[in-house]
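Listed below are the residues making up each chain.
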Amino acid sequence: EVGRANTDLRKQFNATKEVILSAGVIGTPQVLMNSGIGESTELRAVGIEPIIQLHDVGKNFSDHPIVLVQWLVNPNGAITIDDIIQNSTIHDQYLQQWKRNQTGPFTTTATSFGIWGRIQDNSSIFDTYPDPSSGRNSPHFELLPMNSGFAAFTEGQHSISMINFVVSPTSRGSVTLNTSNPFDPPLINPNYMSSPFDLKAMRASIEKSIQFFKAPAWKDYILSGSPVGNFTTDEDFDDFILNSTLSGLHGVGTAAMSAPARGDGDEINGVVDPDLRVKGALGLRVVDASVLPYVPSGHTQAPVYIVSERAADLIKDFWH
């Protein structure tokens, strides 16, 4: 049944083979729970009769948290993204250039390369937390230099930024229902930085950012340092991080894939099996980022393409 709002006309569709759910890391668990698939106690609490008991629906939310750090710069006549954002004449000039011949600043994003790094192997954090990365050559954090700030300090000023990602986070959040109304937004708790490991990784990333912009190449370009450059304790960094963390928009895991249940009485973990079929259901498959049980140590666009291509093959093979 499909509609856009409570007052909208509803349309019903009947599947002859199977339903493929691709509503994303937030929408997919919301649809499942509104349909009676999820943790029974939580569903009953909002007035939904459970149909399939799957306690992991909406759990295990994982994302790449980010923190932006920025510095004031003297562009010396060079164009920064700040110019394009603040000056409509410059914006229109470069937009028209791109429309004419696909050249100029509109051919690129605000950032064009990334830097990957790891917490040092001898860090005491590993005495308490196992390394969550996939190996000793896999990153814990990513730095993306950006030719502007998310917002200029003052009109007419220019800035340069570093976007800091934790790409192997250990914090886990959740998506739960607020009401039984499918048009009401769910309760989203990303639970960022709830793990000391994630705080440590973000501190390491920001420290690398400061080191990067202290290089001689930036002399006379960077006018003033970011406030983080004056921090002297981990507590200073942690307060800044906890008050500055944003979503990296790479959320996964709320309908996580796991191995099939081994037999009667075996607790069902995860939400979908390796063929992306919802456990305990017939004719229902999930194909989106929510099936990834861990957020990759890189951006999620390519992994979602891979899952989608694999899903297409699985579905074709099953029905043909």
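Look up a bit, the structure's there.
Residues numbered from 1 in each chain as written. Predicted model: local features only at pLDDT ≥ 70, side-chain atom pairs only at ≥ 80, totals over all residues. Heavy atoms only, no water.

**Details of the packing of aromatic side chains**
Each aromatic ring pair is summarised here by two numbers: the centre-to-centre distance and the angle between the ring planes. So the rule is basically this: Each Phe, Tyr or Trp ring (for Trp, its six-membered ring) is paired with any other whose centre lies within 6.5 Å, and the angle between the two planes then decides the class: stacked below 30 degrees, edge-to-face above 60, tilted in between. Definition used: whenever NZ (Lys) or CZ (Arg) falls within 6 Å of the ring centre and also within 35 degrees of the ring normal, the charge is taken to sit over that ring.
Overall, the coordinates contain 9 aromatic pairs when judged by the stated rule. Geometrically, the ring pair formed by phenylalanine 212 and tryptophan 218 is tilted, given 5.8 Å between the ring centres and 55° between the ring planes. Chaining the aromatic ring pairs together yields one cluster made of Trp71, Phe212, Phe213, Trp218 and Tyr221. Its end group placed over the ring of phenylalanine 318, arginine 285 keeps NZ or CZ at 5.8 Å from the ring centre.

**A word on the nonpolar core**
It is characteristic of soluble globular proteins that their nonpolar side chains tend to be buried jointly. Going by this rule: In this text, buried Ala, Val, Leu, Ile, Met, Phe, Trp, Tyr and Cys residues form a nonpolar core when linked through side-chain atoms within 4.5 Å. Relative accessible area decides the class of each residue, using a 1.4 Å probe on protein chains only: under 20% of the type maximum gives buried, over 50% gives exposed, and in between gives partly exposed. Only DSSP runs of H or I with at least four residues qualify as helices, and only runs of E with at least two residues qualify as strands; both kinds are numbered from the N terminus onward. The contact criterion used throughout is that any non-hydrogen atoms of two residues lie within 4.5 Å.
Counting 28 residues, the largest nonpolar core has Leu32, Ile37, Leu276 and Val278 as its most contacted members. Counting residues per element, the ones that place at least two in this core are helix 1 (24-34), strand 12 (284-286) and helix 8 (301-319). Among the elements that line this core, the one with the most residues is helix 8, at 3 residues. Those residues within four positions of valine 278 in sequence are excluded, and the remaining contacts are Leu32, Ile37, Leu54, Val271, Val272, Leu284 and Val286. Counting 25 residues, the second largest nonpolar core, distinct from the first, contains Val67, Val69, Met202 and Ile222.

**Side note on the side chain of threonine 245**
When you line up the elements, threonine 245 lands in the loop between helix 7 (234-242) and strand 11 (246-247). Here threonine 245 falls in the buried class, since its relative accessible area comes to 19%. The residues touching threonine 245, leaving out its near neighbours within four places in the chain, are Pro65, Ile66, Val67, Tyr192 and Met193.

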